[in-house]
Amino acid sequence: MENQLFQLKFTSKQLERQSKKSEQSEKAQKLKLKKAIEQGNMDGARIYAQNAIREKNQSLNYLRLASRIDAVASRVETAIRMKSVTGSMANIVKSMERSMRSMDLEKITQVMDQFERQFEDLDVQSVYVENAMNQTTTLSTPADQVDLLISQVADEHGLALGMQMGSVPSEKVQQVETDELTERLNRLKQKN
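As annotated in an unreviewed UniProt entry, the chain is SNF7 family protein from Cavenderia fasciculata.

**Here's the deal with the environment of Arg 64**
Relative to the assigned elements, Arg 64 resides in helix α2 (residues 42-102). Here Arg 64 falls in the partly exposed class, since its relative accessible area comes to 22%. Between the C-alpha atom of Arg 64 and that of Ser 19, which follows or precedes it by 45 residues, the distance is 9.6 Å.

**As for a negative patch on the surface**
A cluster of like negative charges, contributed by Asp 113, Glu 116, Glu 120 and Asp 121, occupies part of the molecular surface. Among the secondary structure elements, Asp 121 is positioned in helix α3 (residues 105-135). You can call Asp 121 partly exposed: its relative accessible area is 39%.

**Examining the nonpolar core**
In this structure, Leu 33, Ile 37, Ala 45, Ala 49, Leu 149 and Ile 150 are the most contacted members of the largest nonpolar core, which totals 14 residues. Residue assignment for this core shows that the elements contributing at least two residues are α1 (2-38), α2 and α4 (146-156). Beyond its immediate chain neighbours, meaning those up to four positions away, Leu 149 contacts Lys 30, Leu 33, Ala 49, Ala 52 and Ile 53.

**Description of the packing of aromatic side chains**
Here the structure, examined in full by the defined rule, presents 1 aromatic pair. A ring pair is formed by Phe 6 and Phe 10, whose centres lie 6.2 Å apart and whose planes are at 15°; its orientation type is stacked. Taken as a pair, Phe 6 and Phe 10 lie in helix α1 at a separation of 4 residues, close to a single helical turn.

**A word on the environment of Gln 110**
Note that Gln 110 resides in helix α3. The exposure class assigned to Gln 110 is partly exposed, which follows from its relative accessible area of 47%.

The rules behind each value
- Residues numbered from 1 in each chain as written.
- Predicted model: local features only at pLDDT ≥ 70, side-chain atom pairs only at ≥ 80, totals over all residues.
- Heavy atoms only, no water.
- Helix = DSSP H or I, 4+ residues; strand = E, 2+ residues; numbered from the N terminus.
- Buried < 20%, exposed > 50% of the residue type's maximum accessible area, 1.4 Å probe, protein only.
- Patch = residues over 30% accessible without salt bridge, like charges linked within 9 Å, V, L, I, M, F, W, Y side chains within 5 Å.
- Areas by Shrake-Rupley, 256 points an atom, 1.4 Å probe, with all protein chains shown as cover.
- Salt bridge = Lys/Arg side-chain N within 4 Å of Asp/Glu carboxyl O.
- Lys, Arg positive; Asp, Glu negative; His and termini not counted.
- Charge placed at Lys NZ, Arg CZ, Asp CG, Glu CD.
- Core = buried A, V, L, I, M, F, W, Y, C linked by side-chain atoms within 4.5 Å.
- Contact = heavy atoms within 4.5 Å.
- Phe/Tyr/Trp six-rings, centres within 6.5 Å; stacked < 30°, edge-to-face > 60°.

Following this line, the structure appears as structure tokens:
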């Protein structure tokens, strides 16, 4: 079982590395997108934007899978610990039986203290597993973001798109972002 735990953790690390590679590839595609916009190559820009979004989605998928594998690894690790705790508890119960037969109060107290420590360890492990499971969340990314990404890259680098793209909602997006920032600022001011 410990071998499977190692394999799960190793696989999770590999997926995290793949996610980072996809992030780097996304950045490279965004740079190509910027160059295509500068050159006025909107067909190329659209292709690079699609590639960047695909790489971003791939990165998120790798992270999602790594998170799921981590959750499984946590369960396996808990099972391994539970097996050892169960063995310890069985030994403690045997000790309790012997102590109860002899009615040695000091031994009974020691065994009960050991028993309580085992249960505390079990509680800590259960809380850890519960927290790990709560942290595994699903992320979703909308698929149709090409025009928005093109306008964002153009805005970041001060590039003009002109009328080449059709309807680009960059001014509307900027207004929404400004409104959201203003609203957040007002909420922060009200808290203080």
